[in-house]
Structure formats: C-alpha cells, structure tokens
Amino acid sequence: MLDVEGVSRSFGGVYAVQNVSLSVAEGEVRAIIGPNGAGKSTLFNLVGGHLTADSGTITYSGRPIDGASAHRRAHDGIATVFQGARIFRGMTARENVMVGAQPWTRHGFVAAALRLPRHRSEERAIREQAEHALERVGLADWADREAESLPLGQQRRLQVARALCSQPRLLLLDEPASGLRAGERTALAELIEDLRAGGLTMLLIEHDVRFVARLADRVTVLDLGQVIAEGTPQEVTSDKRVIKAYIGDEDEHARGH
Amino acid sequence: MTAEVGTVRTVRRRPDAQRAVGLGLGALVAVLTLLAPLVLDRSQLTVYILTGTAAMVTIGVSLLMGYAGQVSLGQAAYYAVGGYTAGLLAVHGTPPLLGLLAAPLVAGGLAGLVGIPILRLRGHYLAFATLAFQLILLAIVGQVDFLGGDIGLQGIPQLSLLGIQLMTAQAYAWVTWVGVAVVLLITRNIIASRPGRGLRALATSETAAESSGVPVTRYKIVVFALSAAFAGLAGGIYAFFIGYLAPGSFPVLLSFQFIVMAVVGGLGTLWGPVVGAVVITLIVQTLNDLGTRPGMPSYASGVFSYAVYAILLVVVLLFLPRGLLPAMADLVRRAFGRGRRAPAAAGTAVTVDDSTTRQPPDSP
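Residues numbered from 1 in each chain as written. Chains lettered and ligands numbered in written order. Predicted model: local features only at pLDDT ≥ 70, side-chain atom pairs only at ≥ 80, totals over all residues. Heavy atoms only, no water.

A. Highlighting the overall build of chain A. When helices and strands are counted, chain A shows 10 helices and 10 strands. In terms of C-alpha radius of gyration, chain A reaches 19 Å, essentially the compact-globule figure of 18 Å for 257 residues. Viewed in the frame of its principal axes, chain A has a C-alpha envelope of about 60 × 40 × 35 Å. A total of 257 residues make up chain A; the buried ones form 54% of that total. Taking the intrachain contacts of chain A between residues at least 6 apart in sequence as the baseline, contacts between residues at least 24 apart amount to 67%. Working note: accessible area of chain A is about 10800 Å², and carbon and sulfur atoms make up 48% of it. (Helix = DSSP H or I, 4+ residues; strand = E, 2+ residues; numbered from the N terminus. Rg over C-alpha atoms; globule rule 2.2 N^0.38 Å. Buried < 20%, exposed > 50% of the residue type's maximum accessible area, 1.4 Å probe, protein only. Contact = heavy atoms within 4.5 Å. Areas by Shrake-Rupley, 256 points an atom, 1.4 Å probe, with all protein chains shown as cover.)

Spelled out as structure tokens, the structure:
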C-alpha cells in the first residue's frame, strides 16, 4: 500500500534520511523505531507531505505522491496523529473531530453561508461520523468540553478520533505515546490494538521499543538516517546492530546528564 | 444518603433552552435596532449609521483575526474600495443599487488577488503587508484624476431601492442595519460549518489543519476576501450616505479603530464586534463633544480620540483579555449559577503559533 523507495532528504548538507526504502502492506502495522536523531520524524514528514524528498519516490496505492500537498494526501486517505498536542484551540472536542471529515465532504463557503441542502446533509453525516469516532476512542462523554482543557492523554486520543473521522486507509502516528503517563500509554496501546483488529494500516513512529513490541507486525529500525534492520519485533530486538544503536544512544544520554 | 452525594456532576448544557433565550434576545435586539431610527434626531442618526457600517467591517475583522487567526491592519482599504466602487459607478450613471452590490464584489475580489501573495506571510509580517497595501492604495487614489484625486469624488447620487430614492437618514439607518444583520447571518452560518471549522483549525496550526485535509491556502484567501467584502458593503453604504469620498476619509487610524472595536468587543465572537463598534463609537462621540466645548484647546478632540483607543485597548487587554462580550456572558452565567466559563477566543490572533514556526524549513 505504501512504498518508500530510496528516499533521501538532507538539511544543510547533513542527511536526515538517506536512501531509505520500506514497503507497508495493506492491513499491516509497521513500526519505525530508532534512537533520537535517527530520522524518524523526517520520514514521518516525508510520508505526511510536510517535507519533500531530495531524491527517491514515495508510492501510495500504486501512485507516486511526491508532488502531492499534505491536504491532497489527506484526501487520498492518509491521516496523521502528531507528536505534540496538535489539537485546535477554541473548539470543543467534537468540533476538533469534525475537522477530520474534510476529506470526504465537499461543501464550501457559499453552501455554508446560504445553508444549502448540501450543507445540511453533509453536516448531519459529519456529526454522525464524529460521534462514532469519539465513541471509538472513548471520548464520547467529553465531546462538548473545550479540547484544550483535556489532559494530554485525552488530547492524543482526540487526535486519533480526528484522524478516524477522515475514514483513513493509512494512519500515521508520530510517537503517540511520548509524554504520556503509564496508564495513558496502556490505554493508547489498547486503542491501537483495537484499530489494528479493525484492519487499519498504520505507520507507527516510536522511540520506545517496548511500546511497539506487541503492536507492530513488522519493525523498521533507523539509525543516523539509514535503515539498519527490518523484521518482526522479536527479530529486531535481538539484532546486534539495533542493540548497539540503542545502547550507544543511552551512553550519550548518560553522558549528557 | 445516596451514592451520588459527593460526586462531581458536570452541569449539562441545555441547548434548547439556550437557543430559545438566544433567539428571544436576538429578536429583541433586532426590534430595538429597527425602532431606534424613529426616535433619533438627524445628527444622532449619522452616528447610528456610521456605527452600523463600522460594525459590518468589524464583524469581518473578527472573522478574519479572531476565527481564522489572520491579521489585517488595512481593513479600511477595502472600506475605501467599496466606497469608491459604488461612488464611481453611481457618478457615471449606473443604477445605485447595482453600485451597492458591486462594492462588496470588487472589494472582495481585490482582496482575493492581493491575498494570493501576502497571505503567505504570517503574524507581524502579514500585519505590515496589509497596512502597506492601504498606504499604497491611498497614495494612488490621491493621484488618479477620475477618482477625484486628493480633492475627492463629489456628487454621488442618493441610493434608491426599487425605484424609491432614499432621501432620509432614517432610510439609510434601516438599510445599514439590515446590512449588519445579513453580514452577521453569513458569518454565523460559516463559523459552524465545514469551511468554518477549517478556518478555526488553521488558526491554531496550519500544519495540523493541512493534514486533516483543510486546503489552508485557499481558505485563507477566501476568508480574507469575505472580510474585505463586508468592508466593501459598508463602504458602499457610506459613499451613498455621505455623498463624497476622499483619500482622507479612510486613514490608517480607521483601520486601527476597527481592530480596537473587535478586540474590545471580543475577537473571535459573533456579536462582540457589534458591541465593540457601539461602545467605541459612543465613547469617542462623547469625548469628541467634550473636546469641542468652548474653552477646550483646539487639539483636545484629536488627542481624546487617539488616547481613547490606546487606553481602552490596554485596559481591555489587561482586565478583559477576551473582550467585553465574553466577559459579560461569564457574568450572566455566574449570576445563573453556572460555573462554566465561555470558551476562549479562537486563534488569539497576534501570537505567532508554535506549530507554524516549527514547520519544516522548505514546506510551502
């Protein structure tokens, strides 16, 4: 479903991602792991459409999407959950989720201003879909709260609900567990497992190896912008190069503190 | 003792009751607004009409800055464009009603074109670009003979609707406030809709909005054009009512005034701009009367009007950062025993949002 072929991207002459290739099958949950600075977020931005590659091609559903803008990709069924709390301020949780319906709705300013029939019928469908998405992530009781007043864990789930409201075919998650407390992490993991059981294809960017171990079908390991290993969670966690990359990382951490 | 004692129960909102109260209040305000011209004298009517045109522009400012998070310090430019469009067409024999309809279209269309390049800018840069546009426009208008140059465009005929000429200020007052109602209705409908939610989303984070499928660039241009169209409509009414236009009628201070009105009333609220327009106009008018009393120095009225914008803006930002209307709404809610605060104004327009500054360096 998603093919990344020899993609490179550099910033100021330094490669953030270098000649990375990977292929995600329909229905697969693929984790991308790696130590800090491995190029995970760059890869996420390349697939999401917030960055363009210097070279290489990204194919989605059999079509190259290199030139497509982020909103074009959203319309093609790629939904995104960002690392930070990218919820929309000044809107309720429900309204935040309703924004996610953009890709499969059409009506614009004129239809809205004049309350044309198209606006009415689409709004009804959006409302239903949003309600459904809120229930799925367990936020139905919080729907009319100000989104920014929710705790971080729920804001992350709210982003997932917004993504689900777009009826995505591919869900990109950028370190969804970062900054969450243990209970919130478990709840998020359960949510991702639930989505996986529903057959949703996911690309899960994550720093923590343990978090992806039971969620991912396959794991791609990045280090210094390159793929150093790929396989099942078990294969990858016993790979010498992976262990070295992570231990090296922790050494640097230790030195830094 | 029941099990519920001690548990915190969230107060459920009752949308139906709220809706009924809102509708009742709205109807009352509408009736009073339409009756007011019957009791006002000629000079009061002039103030009444100019409050209405200011409210129209300010509603657009609130939509643009409060909801969509885009700053414009040059809204008076589109007020002028609307005025000159209507005035020029009428002077050359076009039916005044057509001129009035053309005013928002030309202002909105021009803003759409101007918006294509300048809406790539954000925050302070966008503010300066919109300000610069107004200065350039005024300079050009002052030089072009068929626009009347610096002397101004004179002899604009009266507005006529359905063959009846509007000669009285009362009639203008009604046309103006019906216009305000139309602008309010359009804005209300857009805010709670697919494109409206898209606008409110992009105010927080263009990246996240884009990823949710919002065509950010297109939406920004449309909302900029729409707010300019509101200003253009107001300008058209102004042109027919005053009958004379000059570059000096649309100073930069007027643009600032619209922003002060929006901020004082409540940026990112529907009715806030109307409240702001009324409050600011009344205060400025009172101080103006005071400043022109015998015994006052000649510069008093000028100083008063500048000072009042500055002081009001500072006071409101310090004590009522969300504006008068949300503050009053809170007060009413508290009086009825509801602890819930009104939602914060969307956007908080002037702050540069973290997500856009953290964007990848080469993203469009």
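B. Looking closely at a nonpolar patch on the surface. Residues and elements named next belong to chain B. On the surface, Val 31, Leu 34, Leu 35, Leu 38, Val 39, Trp 174, Val 178 and Val 182 cluster together into a nonpolar patch covering about 710 Å² of accessible area. Secondary-structure elements contributing two or more residues to the nonpolar patch are helix H1 (15–39) and helix H6 (169–191). With 5 residues, H1 is the single largest residue contributor to the nonpolar patch. Looking at where Val 31 falls in the secondary structure, it is placed in helix H1. (Patch = residues over 30% accessible without salt bridge, like charges linked within 9 Å, V, L, I, M, F, W, Y side chains within 5 Å. Salt bridge = Lys/Arg side-chain N within 4 Å of Asp/Glu carboxyl O.)

C. Examining the side chain of A:Arg162 more closely. Along the chain, A:Arg162 falls in helix H6 (residues 152–165). Salt bridges are absent for the buried A:Arg162, whose nearest opposite-charge side chain, A:Glu95, sits at 12 Å. (Lys, Arg positive; Asp, Glu negative; His and termini not counted.)

D. Fine view of the interface of chain B and chain A. At the junction of the two partners, chain B supplies 38 residues and chain A supplies 42 residues. Both sides of the chain B and chain A interface together cover about 3400 Å² of buried area, and 54% of this is carbon and sulfur. Per-residue buried area on chain B facing chain A is highest for B:Arg194, B:Arg197 and B:Ser211; these three make up 21% of the total on that side. Between the two partners, chain B and chain A, sit 14 residue pairs in polar contact (both at pLDDT 80 or more). Listed by contribution, the elements that provide at least two residues to the side of chain B that touches chain A are H6, helix H7 (194–204), helix H8 (206–211) and helix H9 (216–242) of chain B. Here the side of chain B that touches chain A gets 8 residues from one element, more than from any other, and that element is H7(B). (Buried area = accessible area lost by both parts, 1.4 Å probe. Polar contact = N/O pair within 3.5 Å; in protein donor to acceptor, adjacent residues only side chain to side chain.)

E. Up close: the side chain of B:Thr269. Residue and element names in this part refer to chain B. You can see Thr 269 is positioned in the loop between helix H10 (252–265) and helix H11 (272–291). Polar contacts involving the side chain of Thr 269 include one to the main-chain carbonyl oxygen of Gly 266, which spans 2.6 Å. Ignoring any residue separated from it by four or fewer positions in sequence, one finds Thr 269 in contact with Ser 62, Tyr 67, Leu 325 and Pro 326.

F. Broad picture of the sheet that holds strand S1 (residues 2–11) of chain A. All names here are of chain A. Taking strand neighbours across the sheet as the criterion, the 4 strands line up as S2-S1-S4-S5 in an open arrangement whose pairing is antiparallel. Bordering the open sheet on either side are strand S2 (14–24) and strand S5 (63–64), each of which pairs with just one other strand. Where strand S4 (residues 55–60) meets S5, 2 bridges bridge the pair, whose relative direction is antiparallel. Along S5, the bridge assignment pairs Thr 59 with Pro 64. In the packing of helix H1 (residues 40–48) onto the sheet, contacts are made with S1, S2 and S4, and the angle to S1 comes to roughly 120°. (Pairing = 2+ DSSP bridges. Axes fitted to C-alpha atoms, helices over the stretch in contact; angles between N-to-C directions.)

G. Representation of the domain arrangement of chain A in the model. Residue and element names in this part refer to chain A. Here chain A is partitioned into domain 1 (1–77 + 169–257) and domain 2 (89–167). Taking only C-alpha atoms into account, the centre of domain 1 sits 27 Å from that of domain 2. Facing the 19 residues of domain 1 at the interface are 13 residues of domain 2. Surface buried jointly by domain 1 and domain 2 totals about 1200 Å² across both partners, of which 63% is contributed by carbon and sulfur atoms. Summed over the three residues of domain 1 that lose the most area to domain 2, namely His 75, Leu 191 and Leu 195, the buried surface amounts to 36% of that side. For the pair domain 1 and domain 2, the interface holds 1 salt bridge. Arg 136 serves as the salt-bridge partner of Asp 194, at 3.6 Å between the closest nitrogen and oxygen. Viewed at the interface, domain 2 and domain 1 are joined by 4 residue pairs in polar contact (both at pLDDT 80 or more). Listing elements by their share of the side of domain 1 that touches domain 2, those giving two or more residues are helix H2 (70–75), strand S7 (170–174) and helix H7 (182–197). With 6 residues, the single largest contributor to the side of domain 1 that touches domain 2 is H7. (Domains from an automatic or database assignment.)

H. Examining the environment of A:Thr237 more closely. Residue and element names in this part refer to chain A. By the element assignment, Thr 237 lies in helix H9 (residues 233–237). Exposure remark for Thr 237: the relative accessible area of 41% places this residue in the partly exposed category. Each C-alpha atom, one on Thr 237 and one on Ala 213, is 8.7 Å from the other, the two residues being 24 residues apart in sequence. The residues touching Thr 237, leaving out its near neighbours within four places in the chain, are Val 209 and Ile 243.

I. Region of interest: the packing of aromatic side chains. For the structure on display, the rule yields 11 aromatic pairs over all chains. Between A:Phe109 and B:Tyr219 the ring centres are 5.2 Å apart and the planes differ by 75°, which places this aromatic pair in the edge-to-face class. A residue pair is termed interchain when its members come from two chains, as with A:Phe109 in helix H4 (residues 109–113) and B:Tyr219 in helix H9. Classification of A:Phe109 as buried rests on a relative accessible area of 13%. Every member of this aromatic cluster is reached through a ring pair, and the members are B:Tyr79, B:Tyr84, B:Tyr238, B:Phe250 and B:Phe258. Looking at A:Arg86, its charged tip hangs above the ring of A:Phe82, at a distance of 4.7 Å from the centre. (Phe/Tyr/Trp six-rings, centres within 6.5 Å; stacked < 30°, edge-to-face > 60°. Lys NZ or Arg CZ within 6 Å of the ring centre and 35° of its normal.)

J. Quick look at the sheet that holds strand S6 (residues 78–81) of chain A. All names here are of chain A. Ordered by their spatial adjacency, 6 strands build an open sheet running S6-S7-S8-S3-S9-S10, and the pairing between neighbours is mixed. Of all the strands in the sheet, the pair left with one neighbour each is S6 and strand S10 (226–231). Pairs of neighbouring strands in the sheet enclose a mean axial angle of 20°, with direction left out of account. Alignment of strand S3 (residues 29–33) against strand S9 (residues 218–223), held across 4 bridges, turns out to be parallel. Of the residues in S9, the one forming a bridge with Ala 31 is Val 219. Taken strand by strand, H1 contacts S3, S6, S7, strand S8 (201–206) and S9, and its axis lies near 150° from that of S7. In the packing of H7 onto the sheet, contacts are made with S3, S7 and S8, and the angle to S8 comes to roughly 150°.

K. Region of the structure containing the pairing of S6(A). Residues and elements named next belong to chain A. Every second residue of S6 is oriented toward a common face, with Ile 78 and Thr 80 on one face and Ala 79 and Val 81 on the other, all of them buried. Examined bridge by bridge, S6 and S7 share 4 bridges and lie parallel to one another. Across the sheet, the residue bridging to Val 81 is Leu 173, located in S7.

L. Highlighting the environment of B:Ala203. Position of B:Ala203 among the secondary structure elements: in helix H7. Residues B:Ala203 and B:Leu138 lie 65 residues apart in sequence; the distance between their C-alpha atoms is 30 Å.

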